[in-house]
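Fold and contact review
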Amino acid sequence: MNHLSQEELQDHAGGDLPDERAAAAADLHLRTCAECARRIDHFRALERALRSMPLERASEDLSRTVLKRLGIREGQSWLFTLFMNFAPLLALLAVLAVVHFILGRQPAGAPGQNSGEGVRTLFQFADKYSAVGIQSVNDWVGKYLAFMKGRGGLTGFLILFLGAIALLDKYIVMPLIRRRL
Amino acid sequence: MSLSDADIIAQIRAGAKPRFALLVERYQDQSMTLAVRMLRNREEAEEAVQDAFVRAYKALERFEGTARFGTWLYRIVYNVCLTRLTRRAARSAGRVDYDDEQGYEEQGGAPVMDHAEAADLARFIRSSIASLPVKYATMLSLFYLQDLSHEEICSVTDLPLGTVKTQLFRARALLQKELLKEFRPENTTV
Ligand SMILES: [Zn+2]
């Protein structure tokens, strides 16, 4: 009887014999020939080892390097560009809306200055940069954020205001944009 | 939810260029493995893979989607590495490393492993592959690691089917010989 050729052994071990009949004939021989059975075991072990070889790992920043080489800025789509340019403005509008909402809820007959007046001046402030505007912002701060009284009031308010925009931008607007892309 | 390669390519073509990073991340380790097998130098392999992705991006318009994206990409990786091997051989005024079979036979096969290394089959095979002629190491990588069919390997390497099958056969036979030499000294037949 003819032993299986090395090619047949390899093909059989890799499940790659040309047809069913050849596979059946090889199986029959393997059942009756200890020599070929031993040799095919070696090829099966090799086959398993080759299939389970670990992959080489590319460096972590490969994709960034490739994009950079291609001159693609991360998030360069029109949507991203739009949001990049308008995010601070959106944040500003959001903060103003919140301020407006809070002031709007104050009872109309509150003692001292009219709160509605203060808010209107706040919006005018953006248009005119008037000293009056700054003064009423200061008044408003003195009224509603009593802990920041006097001359430091406006500075405190601006710090809070810009901080709020920055936080809003960092934790809400930008993550939303990134998720969208 | 993971997007198919075709989906991502469609998005890139529609203008979402940064999406290419997803394809890079998806195929970078496979590409790196092929490049390391061919170039046998991590640093150079890293450069080659970068080059290949840059080329792939520029040629993306020409990807028709009839083949798997992976197969198309590996063809680029393969060609970039082959060019580097040819250049390297020209610099050292020697043969093209890729086809150097004679050198392997002259050395009497793979170098003898020390025992710590031989104790670990996977590591033994890995170092045996690293000492095979490059064309065999490449075939083994394409078939077992990039998981390509014989026909896909033909389209990656531009070699005829018969050659691909012969080289794979020869690569396995050489590895088997090394294995038996190392682990079963009493067996002389393969
Ligand atoms: Zn037999």
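Residues numbered from 1 in each chain as written. Chains lettered and ligands numbered in written order. Predicted model: local features only at pLDDT ≥ 70, side-chain atom pairs only at ≥ 80, totals over all residues. Heavy atoms only, no water.

**Description of the interface of chain A and chain B**
Here is the rule: Throughout, a contact is declared for two residues whenever any of their heavy atoms are within 4.5 Å. We define a salt bridge as a contact between a side-chain nitrogen of Lys or Arg and a carboxyl oxygen of Asp or Glu at a distance within 4 Å. Within 3.5 Å is the distance limit for a polar contact, defined as a pair of N or O atoms, with the added protein rule that one can donate a hydrogen and the other accept it, and that residues adjacent in sequence qualify only through two side-chain atoms. Elements are defined by DSSP. Helices are runs of H or I of four residues or more, strands are runs of E of two residues or more, and each kind is numbered from the N terminus. Gly counts as polar in this scheme, as do all residues outside two lists: the nonpolar Ala, Val, Leu, Ile, Met, Phe, Trp, Tyr, Cys and Pro, and the charged Asp, Glu, Lys and Arg.
Counting from both sides, the interface comprises 35 residues of chain A and, opposite them, 47 residues of chain B. Counting across the interface, chain A meets chain B through five salt bridges. Between B:Arg42 and A:Glu56 there is a salt bridge, with the nearest N and O atoms lying 3.2 Å from each other. On the surface where chain A and chain B come into contact, there are 15 residue pairs in polar contact (both at pLDDT 80 or more). Of all elements in the fold, only helix H1 (6-13), helix H3 (34-51) and helix H4 (62-69) of chain A reach the threshold of two or more residues within the side of chain A that touches chain B. By residue number, the principal contributor to the side of chain A that touches chain B is H3(A), which donates ten residues. Each residue belonging to the side of chain A that touches chain B can be placed in one class, and the counts come to 14 nonpolar, nine polar and twelve charged.

**With respect to the pattern of salt bridges**
According to the stated counting rule, one finds 16 salt bridges over all chains in the structure shown. Measuring nitrogen to oxygen at the nearest pair gives 3.6 Å for the salt bridge that ties A:Glu47 to A:Arg51. Of this pair, A:Glu47 and A:Arg51 both sit in helix H3, four residues apart, which is roughly one turn of the helix. Here B:Arg126 ties to A:Glu56 by a salt bridge, and the two come within 2.9 Å at their closest N and O atoms. Of the two residues, B:Arg126 is situated in helix H7 (residues 121-131) and A:Glu56 in the loop between H3 and H4; the pairing between them involves two chains. Each member of the salt-bridge network shares a partner with another, and the members are A:Arg69, B:Glu44, B:Glu47, B:Asp51, B:Arg84 and B:Arg88.

**A word on the packing of helix H8 (residues 134-145) of chain B against helix H10 (residues 161-183) of chain B**
Residue and element names in this part refer to chain B. What counts is decided by this rule: Angles run from 0 to 180 degrees between N-to-C directions of axes, and those axes are lines fitted to C-alpha atoms, restricted for helices to the stretch in contact. The cut-offs work like this: below 35 degrees is roughly parallel, past 145 is roughly antiparallel, 65 to 115 is roughly perpendicular, and the gaps in between are oblique.
Two elements in contact, H8 and H10, have axes whose closest approach is 9 Å; the angle formed by their N-to-C orientations is 100 degrees. Judged on the interaxial angle alone, H10 and H8 are roughly perpendicular. Residues Lys 135, Tyr 136, Met 139, Leu 140, Phe 143 and Tyr 144 of H8 lie in contact with H10, whose contacting residues are Val 164, Gln 167, Leu 168, Arg 170, Ala 171, Arg 172, Leu 174 and Leu 175. Grouping the amino acids of the contact of H8 with H10 by side-chain chemistry returns ten nonpolar, one polar and three charged.

**Some points on helix H3 (residues 42-58) of chain B**
All names here are of chain B. For clarity, the threshold we go by: In this scheme, a helix's expected span is set at 1.5 Å multiplied by one less than its residue total. Under the scheme applied here, a residue whose accessible area is under 20% of the maximum for its type counts as buried, over 50% as exposed, and between as partly exposed, the area being computed with a 1.4 Å probe on protein chains only.
Look at H3: 24 Å from first C-alpha to last across 17 residues, which is about the 24 Å you get at 1.5 Å a residue. Residues Glu 44, Ala 45, Glu 46, Ala 48, Val 49, Gln 50, Ala 52, Phe 53, Val 54, Ala 56 and Tyr 57 constitute the buried set of H3. The N-cap of H3, judged by a side-chain oxygen 3.0 Å from the amide nitrogen of Glu 43 a few residues on, is Asn 41.

**Notes on the coordination of the zinc ion**
Residues and elements named next belong to chain A. As a reminder, the rule being used: Listed donors are limited to N, O and S atoms within 2.8 Å of the metal, widened to 3.2 Å for Na, K and Ca; water is not among them, so incomplete-looking sites are possible. Geometry is assigned from donor-metal-donor angles: four donors are tetrahedral when every angle falls between 85 and 135 degrees, four are square planar and six octahedral when opposite donors sit over 155 degrees apart with all other angles between 65 and 115, and any other arrangement is irregular.
The protein atoms donating to the zinc ion are His 3 (ND1), His 29 (NE2), Cys 33 (SG) and Cys 36 (SG), with metal-donor distances spanning 2.0 to 2.3 Å. Here the zinc ion binds four donor atoms, and the angle range of 99 to 127 degrees at the metal identifies the geometry as tetrahedral. Every donor residue of the zinc ion comes from the same chain, spaced as H-x25-H-x3-C-x2-C. Across the pair, Cys 36 and His 29 agree in class, each one buried.

**Considerations on the nonpolar core**
Under the convention used in this document: Among the buried residues, those of types Ala, Val, Leu, Ile, Met, Phe, Trp, Tyr and Cys that are joined through side-chain atoms within 4.5 Å form a nonpolar core.
Judged by nonpolar contacts, the single largest core of 78 residues is most densely connected at B:Phe20, B:Phe53, B:Phe69, B:Ile125 and B:Leu140. The element best represented in this core is helix H2 (residues 20-39) of chain B, accounting for eleven residues. Ignoring sequence-local partners within four residues, the contact set of B:Leu140 consists of A:Leu50, B:Ile129, B:Leu132, B:Leu145, B:Leu168, B:Ala171, B:Arg172 and B:Leu175. Ranked by size, the runner-up nonpolar core spans eight residues in total, among them A:Val95, A:Leu96, A:Phe157 and A:Ile165.

**Regarding the confidence of the model for chain B**
Inclusion rule: The quantity known as pLDDT measures the predictor's confidence residue by residue, on a range of 0 to 100.
Counting all residues, the mean pLDDT for chain B is 86, and 82% of those residues have values of 70 or more. For chain B, per-element mean pLDDT is lowest for helix H6 (residues 115-118) of chain B, which scores 49, and highest for H3(B), which scores 97.

**Some points on unusual backbone geometry**
All names here are of chain B. Positive phi outside glycine occurs at Arg 40, with the angle close to 60 degrees. Positionally, Arg 40 belongs in the loop between H2 and H3. Using a relative accessible area of 35% as the deciding quantity, one classes Arg 40 as partly exposed. Non-glycine residue Asp 147 carries a positive phi angle of around 60 degrees.

**A few points about the side chain of B:Thr157**
All names here are of chain B. Along the chain, Thr 157 turns up in helix H9 (residues 150-157). Residue Thr 157 is classed as buried on the basis of its relative accessible area of 7%. There is a polar contact of 2.8 Å between the side chain of Thr 157 and the backbone oxygen of Ile 153.

**Here we look at the packing of aromatic side chains**
All names here are of chain B. Note the following rule: In this scheme Phe, Tyr and Trp rings, the latter by its six-membered ring, pair at centre separations within 6.5 Å, and the angle between planes marks the pair as stacked below 30 degrees, edge-to-face above 60, and tilted otherwise.
Under the definition given, this model contains eight aromatic pairs over all chains. Aromatic pair Tyr 27 and Tyr 74: ring centres 6.2 Å apart, planes at 75 degrees, arrangement edge-to-face. Here Tyr 74 lies in helix H4 (residues 69-91) and Tyr 27 lies in helix H2, a separation of 47 residues in the sequence. Exposure remark for Tyr 27: the relative accessible area of 13% places this residue in the buried category. Pairwise contacts between aromatic rings join Tyr 27, Phe 63, Phe 69, Trp 72 and Tyr 74 into one cluster.

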